[in-house]
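# Topology and contacts: notes
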Amino acid sequence: MLPEFLDFSMRTRVMGAAGLVRELGDQVTRLGVERAFIVSDRTLEKLGLVERARQGLTAGGVTVVGEFLDVPPNSDVNVVERAAAAAGEAGGDVLVAIGGGSVIDTAKGMNMVLSKGGNLMDYQGLGLINEPLGKLVAVPTTAGTGSEVTNMAVIKDPAARVKYSFTSPYLGPDLAVLDPEMTLGLPPGLTASTGMDALTHAVEAYLSVSANPISDGLALYAIRVINQWLPRATLVGSSVEARYWMLIGSNLAGAAFSNSLVGCVHAMAHALGGLFDVPHGLANAILLAPGLEYNLDVAAGRIAELAPSFGVWPSGSEEETARAVIEAVKVLAKSCGLPARLRDAGVSESSLNEAAEAAVMDGAIFTNPRPATAEELLEVLKKVV
Ligand SMILES: [Fe+2]
C-alpha cells in the first residue's frame, strides 16, 4: 500500500538519564536563556521535587525569577491566566514545567498568553499559533501524558464544563528532560492509570484515520515498552529501570499521537473529565477495551497488528487475534490493580447520556476509525458503568 500523504513533526529535544535534573541548569542555558519561571504543584513541592529542580537550575547558572505552584490536578483556563500574569510580572525568559500533564499543559497555555498577548481562549482553534513561542522546558513527573513532547494542550473551561484542546506545531516544549528519579515517588494507582493513558495514546494513534508510517513505528514500540514495564513500575515503584522505560514509552506514545491524534476512548475520557472530573488516566484505562470493541468492525486488521507488541501470538482470523489483543488490554489493566467499571470512578448510569453527548462533540472523535453517534457511544459507556 502506498500512503497518500505524510506529515510528521516533533520540535522537542528529548534527553533522558537517571539524575539528569541535577544538570537541568546546564541544559537550559544551552537554549540561550538564564532566567527561569517554575510551574508546578504543591504535592511535588512537598515531595521535594521542585527543590531538586531549583537546585539543578541554579547549579547551572540559571536564576529562578519566580514560581507558580498552585496548578490543580485538572488545570483550567483561570489557572492559566493567573499563572501567566504571575510569570509576566516576574519577567523570566524561560518557563520550566515540573509535573504531570496538568502542569505541563498549564505552562503551554501560559506560553501562548505570554508570547502572543490577549487571553488563552483567543488561541482555541486550529492554525492560530503560527510562529515560535517563548522558551519552554518540561520535566515530567508522571509517565502518561507525553505532554513534554506533544504539540497540544488540554485545558478545562470550568464554566462550560468542557476540556478544550489547543493545537499548534509550536506548542511542543523546546526541551524535555526525562529523569526516572523524578517519578519514583508516584503512588501505584497513579502510576497504573497514567501508564494506561500512555498506552491509550499509542493504541489510538495506531488506529487513527490520521495514522502514518512514522507515528505507527513510534506507537508499536511504545505499546511494547509499556506492556512490558507498566506492571513492574506499578508494583515496584522504586525500580529506576521500570520508571525509565515508562517515561520512554509515554514519550514515544506522545510523539505518535501528537501527529496522528487519538479516538473515541479519549473523546469519552475528555467528556467524563470535563463534566465529572474523572481522572484522565483512569477514564482511559476503563474505556480502552470497550473502545477497541466498538472499533472492531472496521479496524480488526489494525488491532490484530498490535498483537506482537502486546506479546500475543497471532492465531486464527484477524478478528480472533484482535479479540486476543483486547483481552490483553484488560489483563494488563487488571494486573495493575485498575478498576474495570466507571462506577468505581464515581460515574453513575444516569450521567452517561450527558457524557455521550459531550463525547461526540470532542475533537478526538473525528480521527476515530469508526464514526460514532451519541447513541453508539452511550452503548459503549453503558457496557462498563
Ligand atoms: Fe490522554
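None of the values given here were measured: they were computed from a predicted structure.

Rules used in this analysis
Residues numbered from 1 in each chain as written. Predicted model: local features only at pLDDT ≥ 70, side-chain atom pairs only at ≥ 80, totals over all residues. Helix = DSSP H or I, 4+ residues; strand = E, 2+ residues; numbered from the N terminus. Domains from an automatic or database assignment. Contact = placed C-beta atoms within 7 Å. Nonpolar A, V, L, I, M, F, W, Y, C, P; charged D, E, K, R; others polar. Pairing = 2+ DSSP bridges.

### Looking at unusual backbone geometry
Of note, Arg 161 is a non-glycine position whose phi angle comes to about 55 degrees, a positive value. Note on placement: Arg 161 falls in the loop between β6 (152–157) and β7 (162–167). The backbone of Asp 277 shows a phi angle near 60 degrees, a positive value even though the residue is not glycine. For Asp 277, the location among the structural elements is in the loop between α9 (264–276) and α10 (280–305).

### Quick look at the domain arrangement of the protein chain
Segmentation of the protein chain into domains returns domain 1 (13–182) and domain 2 (188–383). Averaged C-alpha coordinates put domain 1 and domain 2 at centres separated by 25 Å. Across the boundary between the two partners, domain 1 contributes 26 residues, which contact 26 residues of domain 2. Elements with a minimum of two residues in the side of domain 1 that touches domain 2: β1 (13–16), β6, β7 and β8 (175–178). When residues of the side of domain 1 that touches domain 2 are assigned to their parent elements, the largest contribution, 3 residues, is made by β7. Its residues assigned to classes, the side of domain 1 that touches domain 2 comprises 10 nonpolar, 11 polar and 5 charged.

### Quick look at the pairing of β7
Of the pairings in the sheet, the one linking β6 to β7 comprises 6 bridges and is antiparallel in character. Residue pairing across strands places Lys 156 opposite Lys 163, the latter belonging to β7. In this antiparallel pair of consecutive strands, β6 and β7, the connection spans 4 residues, and Arg 161 shows a positive phi of 55 degrees.

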